[in-house]
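The primary structure of each chain is shown beneath.
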Amino acid sequence: MIDSPYAEQLARIPVSEHRVDVDGTETAWWEYGAADAPVLVLVHGFRGDHHGLEPVVAQLPGFRIISPDLPGFGGSATFANRAHDIDAYADWLGAFIRAIGVDGPYTLLGHSFGSIVASAAVARSLAPERLVLVNPIGAPALEGPRGVMTRLAVLYYRAAAALPERAGFALLRNGAIVRVMSVTMAKTRSRRLRQWIHDQHDRYFSAFGDRDSVLEAFTASVSHDVSEYAAGISVPTLLVAAERDDVTPLEAQRRLVGRFPDARLEVIPEVGHLIHYETPGDAAARILRFLRSGARA
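Everything quoted here is computed from the prediction, not taken from an experiment.

Participant: Explanation requested: unusual backbone geometry in the structure shown.
Facilitator: When glycine is set aside, most residues are seen to have a negative phi, and most peptide bonds are trans. Backbone geometry at D23 places phi at a positive 50°, although glycine is not the residue there. With respect to the helices and strands, the residue D23 is situated in the loop between strand 1 (15-22) and strand 2 (25-32). Owing to a relative accessible area of 69%, D23 belongs among the exposed residues under this scheme. Positive phi, close to 65°, is recorded for R47, a residue that is not glycine. Positionally, R47 belongs in the loop between strand 3 (39-43) and helix 2 (54-57).

Below is the structure:
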């Protein structure tokens, strides 16, 4: 295990682990900060868990931060009777927030796949005071210049689900494939930071419930994007995009922000789809300015 460059900051924030039944799905969640502080609910990305957003948490003392593992990932159970699609995740998110008793104002933050889940939930009926989307998925993954690579990834997940169980799990957890993904997304020039990012992916990228849920969630992640829901989101929204994001290019993010009734776009330079690992301090500073502005986006 490689020590986190954000460990000292994170250690200053109290944390507790919890479990709650959410409409029949046992959900693991973590609470950081004081119980009476302003509330921020986090939704992590595909194949990740709450650990991935801890570098951002470390930069946000003074909040009560609620960070669940999505069903099928980390410490949370899979859905028992539903496919792991956007509708199911959006329903679960609303039910989770009710189940843990968040009944006052709160801000909702979604990263990557979590940006789709959060946007879908807010467009349906969820009512946070504000919405923050980090590395938002702003364009269809099956279209454009990366469409071929996305289709190859679909075949990879389908093959893993179709193989005998042992072989399928081995394919999904193949260290070389995980490392290629990690190397491709990391943009930092810091050798130490890259090593830590790779270690994080090695440790947490394979913490999933079963092969079918991973395939279903991946299919959901590449079949939908935030632009589908933007027009139906009336709360002030902040998009924190990356200059070198390989998943949603910057031009698409600039088009995306115009689809919201009330949104602003912040662009972090020299980083890709791993804002939460590489530039969490910069992201947190932009989020704090947005939350403290008191004005519409």
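Still more ground to cover, so stick around.
Participant: Whenever I open this one, helix 6 (residues 165-172) confuses me. Can you help?
Facilitator: An α-helical turn contains 3.6 residues, so a residue and the one three or four places further along point in the same direction. Within helix 6, the full set of buried residues consists of G168, F169 and L172. Taken end-on, helix 6 shows its buried residues confined to a sector of 95°, consistent with a single buried face.

Participant: Help me out: how do you make sense of the packing of aromatic side chains in this one?
Facilitator: Pairs of aromatic rings are described using the distance from one ring centre to the other and the angle between the two planes. Using the criterion set out here, one finds ten aromatic pairs in the structure. Between Y89 and F113, the aromatic rings sit 5.7 Å apart at their centres with planes inclined by 85°, giving edge-to-face as the arrangement. Separated by 24 residues along the polypeptide, Y89 in helix 3 (residues 86-99) and F113 in helix 4 (residues 113-124) bring together distant segments of the chain. F113 shares its class with Y89; the two are buried. Within the aromatic cluster, the residues linked to one another by ring pairs are F46, F73, F79, Y89, F113 and F218. Stacked on the ring of F290, the Lys or Arg R130 has its end atom at 4.7 Å from the ring centre. Geometry around F208 places R173 over its ring, the cationic atom sitting 4.6 Å from the centre.

Participant: Just checking my understanding: could you explain the side chain of T25 for this structure?
Facilitator: Within the element layout of this structure, T25 appears in strand 2. Since its relative accessible area comes to 3%, T25 is described here as buried. Not counting chain neighbours up to four residues away, the residues in contact with T25 comprise V20, P71, A77, T78 and F79.

Participant: So what exactly am I meant to see when it comes to the environment of L239 here?
Facilitator: With respect to the helices and strands, the residue L239 is situated in strand 7 (residues 237-242). Taking C-alpha positions, L239 is 4.8 Å from L265, a pair spaced 26 residues apart along the chain. Among residues more than four places away in sequence, those in contact with L239 are L133, P136, Q253, L256, V257, F260, R264, L265 and E266.

Participant: In this structure, what is going on with the sheet that holds strand 2? I would like to understand it.
Facilitator: By definition, the strands of a sheet pair up through backbone hydrogen bonds, in either a parallel or an antiparallel sense. Strand order across the open sheet formed by eight strands is 1-2-4-3-5-6-7-8, with mixed pairing between neighbours. Where the open sheet ends on each side, the last strands, each with one partner, are strand 1 and strand 8 (263-268). For this sheet, the mean angle separating the axes of adjacent strands, direction not counted, is 20°. Bridge analysis of strand 1 against strand 2 gives eight bridges, and the strand direction is antiparallel.

Participant: Where do I start with the nonpolar core in this structure?
Facilitator: Inside soluble globular proteins, nonpolar side chains tend to come together where they are buried. L93, F96, L108 and F113 are the most contacted members of the largest nonpolar core, which has 58 residues in total. Per-element tally for this core: the top contributor is helix 3, with nine residues. Beyond its immediate sequence surroundings of up to four residues, L93 is in contact with V43, L108, V117, A118, A121 and L126.

Participant: Can you help me understand the pattern of salt bridges in this one?
Facilitator: Working definition: two side chains of opposite charge can pair if their charged atoms are close together. Scanning the model with the defined rule gives eleven salt bridges in all. For R124, the salt bridge is made with D87, and the minimal N-O distance between the two is 2.9 Å. Residue R124 is located in helix 4, and its partner D87 is located in helix 3; the two are separated by 37 residues in the primary sequence. The shortest N-O distance in the salt bridge between D91 and R124 comes to 2.5 Å. Of the two residues, D91 is situated in helix 3 and R124 in helix 4; the sequence distance between them amounts to 33 residues. Through salt bridges with shared partners, a single network forms among R82, D87, D91 and R124.

Quick notes on the rules
Residues numbered from 1 in each chain as written. Predicted model: local features only at pLDDT ≥ 70, side-chain atom pairs only at ≥ 80, totals over all residues. Heavy atoms only, no water. Helix = DSSP H or I, 4+ residues; strand = E, 2+ residues; numbered from the N terminus. Buried < 20%, exposed > 50% of the residue type's maximum accessible area, 1.4 Å probe, protein only. Arc of directions from axis to C-beta. Phe/Tyr/Trp six-rings, centres within 6.5 Å; stacked < 30°, edge-to-face > 60°. Lys NZ or Arg CZ within 6 Å of the ring centre and 35° of its normal. Contact = heavy atoms within 4.5 Å. Pairing = 2+ DSSP bridges. Axes fitted to C-alpha atoms, helices over the stretch in contact; angles between N-to-C directions. Core = buried A, V, L, I, M, F, W, Y, C linked by side-chain atoms within 4.5 Å. Salt bridge = Lys/Arg side-chain N within 4 Å of Asp/Glu carboxyl O.

Honestly, that's just the spatial picture; any functional story needs more than this.
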